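Listed below are the residues making up each chain.
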Amino acid sequence: MTGPAEPVTRRYAWLVFALSFGLLLSDYMSRQVLNAVFPLLKAQWLLSDAQLGSLSGIVALMVGLLTFPLSLLADRWGRVRSLVLAAVVWSLATLGCAVSASYGQMFLGRFMVGVGEAAYGSVGIAVVLSVFPAGLRATLSGAFIAGGAFGSVLGVSIGGVVAQYLGWRWTFAVMGLFGLVLAAVYGIVVTERKLAAADVGLGGAPDAAGWPVRTLLPRLFSSVSVLCAYVGSGLQMFIAMALLAWMPSFLDRSYGLATAEAGLAAGVFALITGIGMIGGGMVCDRLGRGNPHLKWTVAVICSTGSLTLLTAGFQLPPGAPQLVLVGAGILLSNATAGPAAAMVVSLTPAAVAATAMATLTLANSLLGLAPGPAVTGMLADRMGLRAALQVIPLVSLVAGLAFALGRRHYDRGLVSVSAWALRRSELPT
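Reading guide: rules and limits
- Residues numbered from 1 in each chain as written.
- Predicted model: local features only at pLDDT ≥ 70, side-chain atom pairs only at ≥ 80, totals over all residues.
- Heavy atoms only, no water.
- Salt bridge = Lys/Arg side-chain N within 4 Å of Asp/Glu carboxyl O.
- Patch = residues over 30% accessible without salt bridge, like charges linked within 9 Å, V, L, I, M, F, W, Y side chains within 5 Å.
- Areas by Shrake-Rupley, 256 points an atom, 1.4 Å probe, with all protein chains shown as cover.
- Helix = DSSP H or I, 4+ residues; strand = E, 2+ residues; numbered from the N terminus.
- 1 Å grid on protein atoms, 1.4 Å probe; cavity = no way out; pocket = protein on both sides within 12 Å on 5 of 7 lines; lining within 4 Å.
- Points joined across faces, edges and corners; volume = space filled by probe spheres on them.
- Nonpolar A, V, L, I, M, F, W, Y, C, P; charged D, E, K, R; others polar.

Visitor: I'm lost on the pattern of salt bridges in this one. Help?
Guide: For side chains of opposite charge, pairing can occur when their charged atoms come near one another. This model, assessed by the stated rule, comprises four salt bridges. Among the charged side chains, a salt-bridge network with shared partners connects Asp27, Arg31 and Glu117.

This is the structure in structure tokens:
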């Protein structure tokens, strides 16, 4: 008879983080590389801005629709196997985009990229948290989420350079091959057996695998505050993703930058988005120690700040002042991601924390990632891209109101989740 498995070493835990983070970079590089070649596709296939936006939006739409069911499936089938399969799917689909001969074929390829990427964020962070002590949870979550922005930087920047010198097809080929190599390494190094030995990640949270789904699902929507966190986060994601998708085109049309230069410049703005996400989480954690309600205040300030700065910035003519104001607005545009995640975790039982994060991802996708680029493209067809970018920051007004409402009902939501956890603990095992 064998003894109990020993916890994984710190070195192995950080290796798991590095590989999971690498796959997250591949995820967003494959997703956002398209934005760097918008001008080339538009010229070659004579596409409208709405069609270009749909190629970006379909990925986020599939992520939103499939995140929840695929996350539940991964918990039962095996997280490592699910992650490796997902990476293979999105990488092969990205290679398919490289050989697309028409808008329809490209749309199908992007559709499959979304299918592959659907559950990676929620399942990947669950794997990372499972091999680290609970005391590092907030830091790791913030860094992992921000990895999406850094992957977007690499996707747009590298994609623009490769497209200018080798053609747009090679941009997709490079991203697809990178993902396949990482998936192979991940499957060899990270195993279900080693993850099972890491009994440190969830801080003793009760296992929800055997609980009826009908018992767990209502807790994901059990208070006004948690609903406001979902809505506010998704609407701010609308702003961030619209800007991420259309900044290369804006820089091309308003500043006359070449594809490579526009991609690199847009990559800087994507990097600013990631910095804002990390900074927002750090400020939220620091202020929230003494007064948890300040987490909501941080989110409200970021929403209203991004509204003010972006609206003012896109009203200015092209030049340094415009870029400074837009950059400041982008810094705040998705700084609500960390506070929103912290709110959701505090307002849902620990037993369903992973599913709650999948629900937050679903809200981010359906309210932000999917419609943001597509709606901006439709507006651009009717009024021009610059005018469209002047309008979309208004979404932040609704996001700020949602966060303010959530703050007002926060205490009631905390009482509700505490009472439910107490009732569950009193049930016989």
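Visitor: Can you help me understand a nonpolar patch on the surface in this one?
Guide: A contiguous nonpolar surface patch, about 610 Å² in accessible area, is contributed by Val161, Tyr165, Leu166, Trp170, Val174 and Leu264. When contributions to the nonpolar patch are tallied by element, the ones reaching two or more residues are helix 7 (137-166) and helix 8 (168-189). A per-element tally of the nonpolar patch places helix 7 first, with three residues. With respect to the secondary-structure elements, Val174 resides in helix 8.

Visitor: Just to check I follow, could you spell out the layout of surface pockets for this structure?
Guide: Where empty space is left becomes clear once a probe the size of a water molecule has been rolled over the atoms. Put simply, the second largest pocket is a space of about 240 Å³. Forming the walls of the second largest pocket are 15 residues, and the residues nearest its centre are Leu70, Ser82, Leu85, Ala86 and Val115. For the lining of the second largest pocket, the elements supplying multiple residues, two or more each, are helix 3 (49-77), helix 4 (79-98), helix 5 (103-117) and helix 6 (120-130). Sorting elements by how many residues they give to the lining of the second largest pocket places helix 4 first, with five residues. Its residues placed into classes, the lining of the second largest pocket shows 13 nonpolar, two polar and no charged.

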